[in-house]
Amino acid sequence: MKKIAITGNIGSGKSWVSLLFESLGIPVFYSDDEAKRLYSRPDIREAMTLRFGTELYGPDGQLNKPYLSSLIFNDTSAMADVERILYPALNAWFDDWAEGQDAPYVLYESAIIFEKHLEGRFDGVVMVTASEATRLRRVMLRDRCDEATVRRRMALQWPDALKCARADHVIVHDADDEDEALMCQVRAVDAALRR
C-alpha cells in the first residue's frame, strides 16, 4: 500500500482537503491528533514530565496545551526534545495503522513533512497551498490570536514556494469553503495516486 504525506503551512486548509480525500474513501492519519493522544501514554507522559516538569500535566492528568505551546514555539531545543520523545512512537503507530487499512493508498497529514525531512518515509507528497493573506486570516480567526503571533508560527515553517517545488502534487486552496475547483484538484490528485 502506498503511503502519501499531505502537508501545507499553517492556515493552508490541509485538514479540509484531507477531509475531501476521506470523502473519496481514502483513510487519513491526522498526525497532530494522534500525537495528542500519545501524550497520555504512560511512557510518553513520564519522559515529557522528566524533561519539562510536573506543570506540563494538570492535576486531572491532562496535558497543559497552552504551556506546551509556549515552550515549543519559543524554544527550538524544547521542540526538538518533544519530537525526540514523541516521533518514534508516532511513526510506529502510523505504520501499524496503515497496514490495517484497505485502500489504494493512505494519507499522513502533517504540517512539517519537509522541515523534519520526513518525505523519504513516503511514496509521495501532496502540498496544499494558499496565499499568505488567506492563511494569516484563517489562523487569526481559528485561534483567536493576533497577527504577530501567527507570523511567528509561520516563520517556523518553510516558505510555500520551496515546499511546492519539492512536492509531487500541489493543491491550491484559497477559497474558504469547498468549491468545485478545489474538488476537481482533489479528484485529479486522487486519480494520479490510484495509478
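These numbers were taken from a predicted model, which means no experiment stands behind them.

## Points about the overall build of the protein chain
Here is step 1: In terms of helices and strands, the protein chain carries nine helices and five strands.
Here is step 2: Its C-alpha atoms give the protein chain a radius of gyration of 17 Å, within 12% of the compact-globule value 16 Å for 195 residues.
Here is step 3: Dimensions along the principal axes, computed over C-alpha positions, put the protein chain at roughly 50 × 40 × 30 Å.
Here is step 4: Looking at the protein chain as a whole, 46% of its 195 residues qualify as buried.
Here is step 5: Sequence separation of 24 or more characterises 74% of the internal contacts of the protein chain that already satisfy a separation of 6 or more.
Here is step 6: Within the structure as shown, the protein chain displays about 10,000 Å² of accessible surface, and the carbon and sulfur contribution to it stands at 52%.
Here is step 7: Charge-centre separation for the protein chain: the mean point of 25 positive side chains lies 2 Å from the mean point of 32 negative side chains.

## Considerations on helix H7 (residues 147–155)
Here is step 1: Turning to H7, its buried residues are Thr149, Val150 and Met154. For H7, the angular spread of the buried residues around the axis is 140°, confining them to a single face.
Here is step 2: For H7, the elements touching its buried residues are helix H6 (132–143).

## Focus: the packing of aromatic side chains
Working definition: an aromatic ring pair is given by the centre-to-centre distance plus the angle between the planes.
Here is step 1: Applying the stated criterion across every chain, the model contains eight aromatic pairs.
Here is step 2: Seen in terms of ring centroids, Phe94 and Phe122 are 6.0 Å apart; in terms of plane orientation they differ by 55°. Their pairing is tilted. In this pair, Phe94 sits in helix H5 (residues 76–99) while Phe122 sits in the loop between strand E3 (105–109) and strand E4 (124–129), placing the two residues 28 residues apart along the sequence.
Here is step 3: An aromatic cluster is defined as three or more aromatic residues linked by ring pairs; in this entry it consists of Phe29, Phe94, Trp97, Tyr108 and Phe122.
Here is step 4: Just above the ring of Tyr57 sits the side chain of Arg45; from NZ or CZ to the centre is 4.6 Å.

## Some details on H6
Here is step 1: A rise of 1.5 Å per residue sets the reference length of H6, with its 12 residues, at 16 Å; its end C-alpha atoms lie 16 Å apart and thus fit the reference within 8%.
Here is step 2: Among the residues of H6, those classed as buried are Thr134, Arg135, Leu136, Arg138 and Val139.
Here is step 3: Check the buried side of H6 and you find it contacts H7 and helix H8 (160–166).

## Remarks on the packing of helix H2 (residues 31–38) against H5
A packed helix pair is summarised by two numbers, namely the angle formed by the two axes and the spacing between the axes.
Here is step 1: Between H2 and H5, whose axes approach to 10 Å, the crossing angle comes to 115°. Viewed along their axes, H2 and H5 form a crossing whose handedness is right-handed. Residues Ser31, Glu34, Ala35, Arg37 and Leu38 of H2 touch H5, and the partners they reach there are Leu86, Ala89, Leu90 and Trp93.

## Description of the side chain of Asp190
Here is step 1: Tracing the backbone through its elements, the reader meets Asp190 in helix H9 (residues 180–194).
Here is step 2: On the accessibility criterion, Asp190 (8% relative accessible area) is buried.
Here is step 3: Of the polar contacts made by the side chain of Asp190, one reaches the side chain of Tyr105; its length is 2.6 Å.
Here is step 4: Filtering out sequence-adjacent residues up to four positions away, Asp190 remains in contact with Phe21, Leu24, Ile26 and Tyr105.

## Regarding the side chain of Glu115
Here is step 1: Among the structural elements, Glu115 can be located in the loop between E3 and E4.
Here is step 2: Only 2.8 Å separates the side chain of Glu115 from the backbone nitrogen of Trp158, close enough to count as a polar contact.
Here is step 3: A distance of 2.8 Å separates polar atoms of two side chains, one belonging to Glu115 and the other to Lys163.
Here is step 4: Setting aside anything within four residues of it in sequence, one finds Glu115 in contact with Asn9, Leu156, Gln157, Trp158 and Lys163.

The rules we used
- Residue positions are given per chain, counting from 1 as you read along its sequence in written order.
- Local features in this predicted model are restricted to residues of pLDDT 70 or higher, and side-chain atom pairs are both shown and tallied only at a pLDDT of 80 or more, whereas totals for entire chains, interfaces and linings draw on every residue.
- Derived side-chain values reflect all non-hydrogen atoms in the structure, with water molecules and hydrogen atoms excluded from consideration.
- Helical segments are the DSSP runs of H or I of at least four residues, strand segments are the runs of E of at least two, and each set is numbered from the N terminus.
- Throughout, the radius of gyration refers to the C-alpha atoms, and the reference size of a globule is 2.2 Å times the residue count to the power 0.38.
- Burial status follows relative accessibility: with a 1.4 Å probe on protein chains alone, a residue under 20% of its type maximum counts as buried, one over 50% as exposed, and anything between as partly exposed.
- Should any heavy atoms of two residues lie within 4.5 Å, those residues are counted as being in contact.
- Working definition of accessibility: Shrake-Rupley area with a 1.4 Å probe, residue cover restricted to the visible protein chains.
- For the charge count, each Lys or Arg is scored as positive and each Asp or Glu as negative, with His and the chain ends excluded.
- Charged groups are reduced to one reference atom each: NZ for lysine, CZ for arginine, CG for aspartic acid, CD for glutamic acid.
- Summarising the geometry, the arc corresponds to the directions from the helix axis toward the C-beta atoms.
- For this analysis, a ring pair means two rings from Phe, Tyr or Trp (six-membered ring only for Trp) whose centres lie within 6.5 Å, classed as stacked if their planes differ by under 30 degrees, edge-to-face if by over 60, and tilted for the remaining angles.
- In this scheme, the term charge over a ring applies when either NZ of a lysine or CZ of an arginine sits within 6 Å of the ring centre and within 35 degrees of the ring normal.
- What a helix should span is 1.5 Å times the count of its residues minus one.
- A fitted line through C-alpha atoms serves as each axis, taken over the contacting stretch for helices, and the angle formed by two N-to-C directions is quoted from 0 to 180°.
- Put simply, a crossing is left-handed when the front helix is turned counterclockwise from the back one by less than a right angle, and right-handed when it is turned clockwise.
- In the analysis that follows, any N or O atom pair within 3.5 Å is treated as a polar contact, provided that within protein one partner can donate a hydrogen and the other can accept it, and provided that, for residues neighboring in sequence, both atoms belong to side chains.

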